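Okay, here's what each chain looks like letter by letter:
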Amino acid sequence: MADQSLLSESVLGWSIFTFILLVILAFCWVYIRKFQSRQESEVVSTITAICALAIALITSALLPVDIFLVSFMKYPNGTYKEWAVNNETRGQIEDTVLYGYYTLYSIILFCVFLWIPFVYFYYEERDDDNMNKCSQVKNALKYTVGFAIVCVVLLLIGAFVPLEAPPGQNSTQWEKVQYLFEELGSSHGLPALSFSISTLTLIGMLAVITYTAYGMSVLPLNLIKGTRSVAYERLENTEDIDDVEHQIEKLKTKCKDGRPLSSRDRNNLQELEGKLQVLQRRGRHLEIAERNCCTKVGSALRPFKILLGIFFILVALLFTVALFISNLDKALHSAGISSGFIVFGTNLTNPLNELLLALQPVFPLDYILITVITMYFVVTSMAGIRNMGIWFFWIRLYKIRPKKTRPQALLFLCMILLLIVLHTSYMIYSLAPQYVMYGSQKYLVQSQMPSAGPTSGNATFGTTRICDADAPEDQCTVTRSYLFLHKFWFFSTIYYFGNWAFIVAFLIGLVVSCCRGKKSVIEGEVEADDSDLSDDEYVH
């Protein structure tokens, strides 16, 4: 009976994960195809982008499954279910989740350090018409070797970084070497993988501060403000065309008598002719947008977009407040930098953590909410990258535009999302630390009280409590995600200061988004560096 119950619980958890997997794959295909350039599309880069984006989303979906499985080991009264009473059975379930993290994190390392760089450089080498396929592969492998070396170095550092106090000064050299190898083999390579992932998470933290913080402000405000009127934009564009044509005609009249134009006038004429081409293309796009059914449907759904935007901005503010309270709690009640600002439990009331705990009795609202929170971070990150483009410090490398995004930009986009997803787990832990550690688990506390009956003595009563850091170790199971996040204290310290930077970046992005006007209905479709042939992608 217990085995059947274990099987049904496991099947339920992984069935949910499988359903989410299918939805993710469908979404990735649609998303990549929406932004992919039709002129520069390439099969290998397209498949790589879809797979990498899917891996990022699947990894983010594993956290709710992790919380779900540890929570479902217990009844609401705090006792273990029949199939989970045995420590060995619970260990098998925990190992299943752990192997899931191992697999996905290993795939992320493979994508970030090997596959995506190889495909990127392979496509870059394709620009040279005189190069054959064999030379392309050789050059791509040559550049990819550098990334592979970095990966190996990180794994070796992580494998030999001691997690416990090393032997004393009086120990022999052999004892010190033996200690290092015991540390390496004691956890089956978990420190090595955790160190590598934590290093990538630091880069993901920078991407979260840059893109996610801005996306959390720009996405809801764009929904609330909407887009400009197509009819008004066409009228304005027509007036601009007339004005530019008048300036061009005025310049050309200077050379009607055969005199050549000055170098300054020639430059001005060339700029005006380029501007006229952009305006004419813009006019064609506006005409198509005015006839497009999607534009009319979008206008009809305007009230729904406003409500959705208000909901998103309220969620963003809730996240910011929860993150501020969590960081303040760490600043006041942790042991400081040397401990990684780790706090066991919550000492200040965190609204999001309390909301998740309050939803526990109504299955499966808390799991739905944690899944929505995870996907919210991913969606806002996509919105931030979509609006900002891909930058290297102050240099803009690529733009993300519908049907005009280059394959290299899509690969960069997917790599950034992979790194963002890695840091998202820590962000969610910061928002709801107690829930991410233990889920909805409860435990029984036995207490004795004097008996009220005629017989003297004490009666034993059981009180149900929510699992926290004070709970007995054998009564509450910690999620595998928490163990990955807090393997090295110095990373936790950096993440703590990163959370403060995220709050500041969100507030700055909110001010900037509020000051900006409405977007054009054809935002990103027409740029000065586009060719006239690219309009065919919209006409057909």
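By the naming in an unreviewed UniProt entry, the protein goes by Lysosomal cobalamin transport escort protein LMBD1 and is assigned to Perca fluviatilis. As its UniProt record puts it under Subcellular location (unreviewed entry), the protein is described as follows: "Lysosome membrane". Quoted verbatim from the Sequence similarities (unreviewed entry) field of the UniProt record, the comment on the protein reads "Belongs to the LIMR family. LMBRD1 subfamily."

## Some points on the layout of surface pockets
Considering only enclosed or pocket space, the largest pocket measures out at about 1,800 Å³ in volume. Along the walls of the largest pocket sit 41 residues, with Lys34, Lys305, Arg386, Lys519 and Val521 positioned nearest its centre. For the lining of the largest pocket, the elements supplying multiple residues, two or more each, are helix H1 (2-35), helix H6 (190-225), helix H8 (263-291), helix H9 (293-300), helix H10 (302-333) and helix H12 (365-388). Its residues assigned to classes, the lining of the largest pocket shows 21 nonpolar, 11 polar and 9 charged.

## Focus on helix H2 (residues 43-71)
Working note: α-helix, 3.6 residues per turn, so residues spaced by three or four point in the same direction. Counted at 1.5 Å a residue, the expected span for H2 with its 29 residues is 42 Å, and the 42 Å between its end C-alpha atoms agrees. Most of H2 sits out of view: 25 of its 29 residues are buried.

## A closer look at the nonpolar core
Among the nonpolar cores identified, the biggest contains 124 residues, and Phe319, Ile385 and Leu418 are the most heavily contacted of them. Membership of the second largest hydrophobic core comes to 9 residues, among which are Ile241, Val244, Leu261 and Leu272.

## Things to note about the packing of aromatic side chains
For any two aromatic rings, the description comes down to two numbers: the centre-to-centre distance and the angle of the planes. Tallied over the entire structure, the rule returns 21 aromatic pairs. Taken together, a centroid distance of 5.6 Å and an interplanar angle of 40° make the contact between tyrosine 101 and tyrosine 105 tilted. Placement of both tyrosine 101 and tyrosine 105 in helix H3 (residues 87-125) is noted, with a separation of 4 residues, approximately one turn of the helix. The same class applies to tyrosine 101 as to tyrosine 105, namely buried.

Parameters and conventions
- Residues numbered from 1 in each chain as written.
- Predicted model: local features only at pLDDT ≥ 70, side-chain atom pairs only at ≥ 80, totals over all residues.
- Heavy atoms only, no water.
- UniProt positions renumbered as here; feature names shortened; annotations may be inferred.
- 1 Å grid on protein atoms, 1.4 Å probe; cavity = no way out; pocket = protein on both sides within 12 Å on 5 of 7 lines; lining within 4 Å.
- Points joined across faces, edges and corners; volume = space filled by probe spheres on them.
- Helix = DSSP H or I, 4+ residues; strand = E, 2+ residues; numbered from the N terminus.
- Nonpolar A, V, L, I, M, F, W, Y, C, P; charged D, E, K, R; others polar.
- Expected span 1.5 Å × (residues − 1).
- Buried < 20%, exposed > 50% of the residue type's maximum accessible area, 1.4 Å probe, protein only.
- Core = buried A, V, L, I, M, F, W, Y, C linked by side-chain atoms within 4.5 Å.
- Phe/Tyr/Trp six-rings, centres within 6.5 Å; stacked < 30°, edge-to-face > 60°.

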